[in-house]
Each structure stands twice: as C-alpha cells, then as structure tokens.
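The residues making up each chain are set out below.
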Amino acid sequence: MTTRTQPRKVKAAVVNRHQHLSFQELQLKAPHQNEVGVKIVACGICHTDLGFLSEGSILGHEGAGIVEQVGSAVTAVKPGDHVLLSYQSCGQCAPCHDSQPFNCQHFSKLNFGFQRLDGSSAYPDGVQGHFFGQSAFANYCLVTEQNLVKIAPELPLEVLAPLGCGMQTGAGTVLNTLKVKAGESLMVMGTGAVGLAAVMAAKIAGAKTIIAVDRDPTRLALAIKLGATESINSDEENYLATLCPHLDYVIDTTGIGHLDELAQEVLKEGGTLVRLTGSCGETLTRGRKAISVVQGDSVAQDFLPKLVEYWQQGRFPVEQLITYYHFDDINRALKEAHNGKVIKPVLVWD
Ligand SMILES: [Zn+2]
Ligand SMILES: [Zn+2]
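What counts and how
- Residues numbered from 1 in each chain as written.
- Chains lettered and ligands numbered in written order.
- Predicted model: local features only at pLDDT ≥ 70, side-chain atom pairs only at ≥ 80, totals over all residues.
- Heavy atoms only, no water.
- Helix = DSSP H or I, 4+ residues; strand = E, 2+ residues; numbered from the N terminus.
- Rg over C-alpha atoms; globule rule 2.2 N^0.38 Å.
- Buried < 20%, exposed > 50% of the residue type's maximum accessible area, 1.4 Å probe, protein only.
- Contact = heavy atoms within 4.5 Å.
- Areas by Shrake-Rupley, 256 points an atom, 1.4 Å probe, with all protein chains shown as cover.
- Expected span 1.5 Å × (residues − 1).
- Arc of directions from axis to C-beta.
- Donors = N, O, S within 2.8 Å, 3.2 Å for Na, K, Ca; no water.
- Tetrahedral: all angles 85-135°; square planar, octahedral: opposite > 155°, others 65-115°.
- Salt bridge = Lys/Arg side-chain N within 4 Å of Asp/Glu carboxyl O.
- Phe/Tyr/Trp six-rings, centres within 6.5 Å; stacked < 30°, edge-to-face > 60°.
- Domains from an automatic or database assignment.
- Buried area = accessible area lost by both parts, 1.4 Å probe.
- Polar contact = N/O pair within 3.5 Å; in protein donor to acceptor, adjacent residues only side chain to side chain.

Engineer: Sorry if this is basic, but what is going on with the overall build of the protein here?
Structural biologist: For the protein, the helix and strand inventory stands at 11 helices and 16 strands. Over its C-alpha trace the protein gives a radius of gyration of 20 Å, about what one expects of a compact globule, namely 20 Å for 350 residues. Taking the principal axes of the C-alpha coordinates as reference, the protein spans close to 65 × 40 × 35 Å. Within the protein, the fraction of its 350 residues that count as buried is 55%. Residue pairs at least 24 apart in sequence account for 62% of intrachain contacts in the protein once pairs closer than 6 positions are excluded. Summing over all exposed atoms, the protein offers an accessible surface of approximately 14800 Å²; the carbon and sulfur share of this is 49%.

Put into structure tokens, the structure is as follows:
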C-alpha cells in the first residue's frame, strides 16, 4: 500500500528568550517513511518539560491524539487510530532489539536532542522540535512506531495522555524494576505524579506497607486515598522518629540530598533505594543498593496497555491527579506545575 504524505501547517507553542511560550503557525515537513503524523488532542505537562525551556524549542512529551498521516514503512497504525505517545527509541540498537528501548543507545539524542535519529529536523530553521520524538505542545506532531501506543477509540485521550512518561515511570519502577510482591514494604518520597503513580502501583502489587512522604498535607491525603497505608509530613519535627525501619524499598522522586542517609536508616539489609531524579547507581552500606531507573524500565507498547487496563478497573485512577487547561493557557499551566499548585496538568485543545 502506498501512502502519500504531505507537509502540514501546525500551531505549536514555541519558547521565547524569556522562557515564555507563544503559539506560532509553522510549516512542518512531510513525515519520513517511518513516521506518523498525529493530531494532538491532549498533552500532559511533566517536570522534564520545565528543564528545557530554551529559546526556539517546542516541548511536550505526554501527547495523545489521532493518527492523521503515516509514512510508507509504518505498519502499526493507520489514519484515524487513537494513540498515546511515550518516549522515543531507535528500534535498531542492541538494547532496542533486546526489548529494552528504555536503555536505547540513542536515548539522549532522540529524547533531548531535538532531532531525528539521522540528525535531520522536520521543523523550520531556528525552531527545535522532536522533543522526546514528539514536541506535543502543538496541534500536530511527527512520531514513530517506537513512541506510539494504539488504544481503543472509545478511551478518553485527555485522561490517558499523561500515562506516557511520569505515570509510566512511577508505576514501572514498582511493577517492572522492583517487581514489588504482595506483603512487601516501601516508602515513596514525594507525592507528585511520579510518586503517586508509584503508590497506586504498590497497591496494585499488594504491598503491605506503603509510606508516602511529602510536606503538602493535601497531597498526603490524596496518597492515602490512592493506597498509601501511612503518610508522613516531612516538615514535622518528629519526622525522623516516626519512620519505621526495615523497609524493602525506598523510591525517591524528590532529589533532596539528605535522603540517602534516611534510606540507609529505613531500608532493611539488602533493600533497594531507587532514585528517580537522575543520579547514578551505587552501593550503600550492608548490601543495600541504590539504583536509578529510566521510564520505569517500561516498554510502552506492553506497559501502557496494562496501565489502561488498571485504569479501566478503577485501580489506577489518574483522573484524580489531573487539572485540565486549554492549550491557550499553557503558560499558566506550566507555572502552576512549577510551583506545585497542581499535580498533573493536562492541556487540551477543545
Ligand atoms: Zn535503540
Ligand atoms: Zn516526562
């Protein structure tokens, strides 16, 4: 089957030199043969977006939408299909062939390099697109089969959009990396979207003790509602005294420095600290380990359908974390994500 692909005018939120986003109409080149053009319906905002506010860039990497154009080599989807977007991988290197796209050798280039694998760009000069292989702060973007997941058309794209990054990372750490088993115990530091996804996943796994730590009482209350068995306010003076030792796992989503010491105190011998904050793995004392994880060791095409199923069963109620904004309010949404007013902002077009 031959498919004709075409350039397309798009409306995209471009970062200016004052880290302010403004919508511009741009001409995007036609999809390459391995690419898929997706009309974006919704896009979550993730904290990683806030770290890349450089002039000329188009961010957004929790997109969801409807396939509009497909390159001639694409077999996974056709126009009209509904898709969730996740991180990008090359599909060709050894880890990709070994079903570990989260360890793709080209991960940095493809997700943070604002370019395709071959170094080209579909965007006009001076505009940086292809963020996470998406740049979904727009009404249309180009992706590949590697970073899309087809879902049933009756599912709500605006609810499921944020599964593709933060939620996958938190839940995947519990279910894929640690493989938490029934009866085990863990502590989750920080109850943003990633931490709360870890809490929900720990409940799904049947963990006996799920301790949520944060300084925001509203978020701690939500953590309890979502499955935490205890909550600890880290602003309170007796905070350290209330921590119970001998936990199997600690998941740190905060990157706050003194946590390592704390992890040593509360982890059992042989227990594991997971840092979801970017630092590297190392050995703690007495056989305790510290590891870092990318995207919760998740293969999006396998894991997102599982999360969707949990959502359908009411066991992964992401809607309780979401605040919706029209795309026109993108600057307010980014600000409120940055200052912690909201947990998971999701931008929608209509
Ligand atoms: Zn690869
Ligand atoms: Zn993200």
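What follows picks up the thread again.
Engineer: Even after reading the chapter, I still don't get helix α10 (residues 300-312), so can you show me in this structure?
Structural biologist: Given 3.6 residues to a turn, an α-helix orients residues that are three or four positions apart in the same direction. For α10, spanning 13 residues, the distance from its first C-alpha to its last is 18 Å, which sits close to the expected 18 Å at 1.5 Å a residue. Every buried residue belonging to α10 is among A300, F303, L304, L307, V308, Y310 and W311, and all of these are buried. Taken down its axis, α10 places every buried residue within 160 degrees of arc, on the same side. Count one or two residues on from α10 and you reach G314, which has phi positive near 80 degrees.

Engineer: Quick question: what am I supposed to make of the coordination of the zinc ion (ligand 1) here?
Structural biologist: Coordination angles at a metal have ideal targets, namely 109.5 degrees for four tetrahedral donors and 90 or 180 degrees for six octahedral donors. Each protein donor to the zinc ion (ligand 1) is listed here as C90 (SG), C93 (SG), C96 (SG) and C104 (SG); together their distances run 2.3 to 2.4 Å. Bound by four donor atoms, the zinc ion (ligand 1) shows angles of 106 to 116 degrees at the metal and therefore tetrahedral coordination geometry.

Engineer: I'm lost on the side chain of T272 in this one. Help?
Structural biologist: Looking at the element boundaries, T272 is found in strand β12 (residues 267-275). Setting aside residues up to four positions removed in sequence, T272 forms contacts with L178, D248, Y249, V250, L267, K289 and I291.

Engineer: Which parts of the structure should I look at to understand the pattern of salt bridges?
Structural biologist: Side-chain pairs of opposite charge can arise where the charged atoms are in close proximity. Counted according to the given criterion, the structure contains 11 salt bridges. Linking D81 and K150 is a salt bridge whose minimum nitrogen-to-oxygen distance equals 3.7 Å. With D81 in the loop between β4 (62-70) and β5 (82-85) and K150 in strand β7 (residues 148-151), this residue pair connects regions lying 69 residues apart in the sequence. Assessed through its relative accessible area of 8%, D81 is described here as buried. For E336, the salt bridge identified is with K341, shortest N-O distance 3.5 Å. Residue class for E336 comes out buried when judged on its relative accessible area of 12%. A residue is classified by how much of its surface remains accessible, and K341, at 61% relative accessible area, is exposed.

Engineer: What am I meant to see in the packing of aromatic side chains here?
Structural biologist: In the structure shown here, the tally under the stated rule is 11 aromatic pairs. With 5.3 Å between their ring centres and 20 degrees between their planes, F114 and F131 make a pair best called stacked. Here F114, found in the loop between α3 (107-112) and β6 (140-144), pairs with F131, found in the loop between α3 and β6; they are 17 residues apart in sequence, far enough to count as distant. An identical accessibility class is assigned to F114 and F131; each is buried. Consider the rings of F327 and W349, whose centres lie 4.3 Å apart with planes at 15 degrees: the pair is stacked. One end of the pair, F327, is in the loop between β15 (322-326) and α11 (330-338); the other, W349, is in the segment after β16 (344-348), with 22 residues separating them in the sequence. You can call W349 buried: its relative accessible area is 10%.

Engineer: I keep staring at the domain arrangement of the protein and nothing clicks. Help me out?
Structural biologist: Domain assignment breaks the protein into domain 1 (8-164 + 317-348) and domain 2 (167-296). The C-alpha-based centres of domain 1 and domain 2 are spaced at 28 Å. In this assembly, 16 residues from domain 1 lie in contact with 12 residues from domain 2. Summed over both partners, the interface of domain 1 with domain 2 comes to about 1200 Å²; 68% of that surface belongs to carbon and sulfur atoms. Ranking the residues of domain 1 by area buried against domain 2 places Q320, L321 and I343 at the top, with a combined share of 41%. Seen at the junction of domain 1 and domain 2, the total is zero salt bridges. The interface formed by domain 1 and domain 2 holds six residue pairs in polar contact (both at pLDDT 80 or more) in total.

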